[in-house]
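Residue strings, one per chain:
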Amino acid sequence: MTLNSPDGPTTLTTLYRERIWPTPWVFVSTALVIPASLLVFLPINFFAGVIIAIVLYGAIVMVLVATSPVISVSSGELVAGRARVPVDLISTVTAFEGEEATLQRGRMLDARAWLLIRGWVSPVVRIELSDPSDPTPYWIVSTRSPAALVAAIASAKAAQNI
């Protein structure tokens, strides 16, 4: 990736990249639209019922895949879905798994926090921000590799301090 800066073009190295795909059980559970649509449309027309069932399931799969967010860390910024933050505005990064992750997404959650969570991914990373003008105290991001994301952010911050 190349960015234009006042000093000229800058190339950013991607340190971490993850797309949060739905798990297989999400695709299996959404396949229930097939018998449901067959139940509705088969009495009207057999071929229309089969076609509509296939098209509906295909549309659901496409929406699930198209809306799967990407988390990436480059040498200059963290991108989580459509949100971006320069790594120099990140103060503390903490990984949570299991019951701790559930608490971070639930009872311990600040209402002002920015969330990129998916129900099919249990571990989360809490990314605290040090920007005093930003009302968002921290981000909660679902990730399948919390330790790798924390390490990538630490590496990006270290590269900024050089």
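Relevant structure appears above.
Residues numbered from 1 in each chain as written. Predicted model: local features only at pLDDT ≥ 70, side-chain atom pairs only at ≥ 80, totals over all residues. Heavy atoms only, no water.

Colleague: A description of the overall build of the chain should follow, citing residues and the corresponding values.
Modeller: A tally of helices and strands in the chain yields five helices and ten strands. Relative to the compact-globule value of 15 Å for 162 residues, the chain shows a C-alpha radius of gyration of 21 Å, a clear excess of over 25%. The burial tally for the chain puts 33% of its 162 residues in the buried class. Total accessible area computed for the chain in this model is approximately 9,400 Å², and 64% of it derives from carbon and sulfur atoms. Between the mean site of the 11 positive side-chain charges and the mean site of the 11 negative ones, the chain shows a separation of 8 Å. (Helix = DSSP H or I, 4+ residues; strand = E, 2+ residues; numbered from the N terminus. Rg over C-alpha atoms; globule rule 2.2 N^0.38 Å. Buried < 20%, exposed > 50% of the residue type's maximum accessible area, 1.4 Å probe, protein only. Areas by Shrake-Rupley, 256 points an atom, 1.4 Å probe, with all protein chains shown as cover. Lys, Arg positive; Asp, Glu negative; His and termini not counted. Charge placed at Lys NZ, Arg CZ, Asp CG, Glu CD.)

Colleague: Can you lay out the side chain of Thr-23 for me, pointing to particular residues and giving the numbers?
Modeller: Within the element layout of this structure, Thr-23 appears in the loop between β3 (14–19) and α1 (24–30). In this structure the side chain of Thr-23 is engaged in a polar contact, spanning 2.7 Å, whose partner is the side chain of Trp-25. When near neighbours in sequence (up to four residues on either side) are disregarded, Thr-23 contacts Trp-120 and Arg-144. (Polar contact = N/O pair within 3.5 Å; in protein donor to acceptor, adjacent residues only side chain to side chain. Contact = heavy atoms within 4.5 Å.)

Colleague: So what about the environment of Val-124? Which residues, and what values?
Modeller: Relative to the assigned elements, Val-124 resides in strand β9 (residues 124–129). We classify Val-124 as buried; its relative accessible area is 0%. When the C-alpha positions of Val-124 and Gln-160 are compared, they lie 24 Å apart, and in sequence the two are 36 residues distant. Not counting the four nearest positions on each side in its chain, Val-124 is found in contact with Thr-94, Ala-95, Phe-96, Ala-101, Gln-104, Arg-105, Ile-117, Ile-140, Val-141, Ser-142 and Pro-146.

Colleague: A description of the sheet that holds strand β4 (residues 70–74) should follow, citing residues and the corresponding values.
Modeller: Pairing is antiparallel across the open sheet formed by four strands, whose spatial order is β3-β4-β5-β6. Two strands lie at the open edges of the sheet, namely β3 and β6 (83–86), each paired on one side alone. Geometrically, the sheet is characterised by an average inter-axis angle of 5° between neighbouring strands, direction not taken into account. Pairing of β4 with strand β5 (residues 77–80) involves three bridges; the strand directions are antiparallel. Across the sheet, the residue bridging to Ser-72 is Val-79, located in β5. (Pairing = 2+ DSSP bridges. Axes fitted to C-alpha atoms, helices over the stretch in contact; angles between N-to-C directions.)

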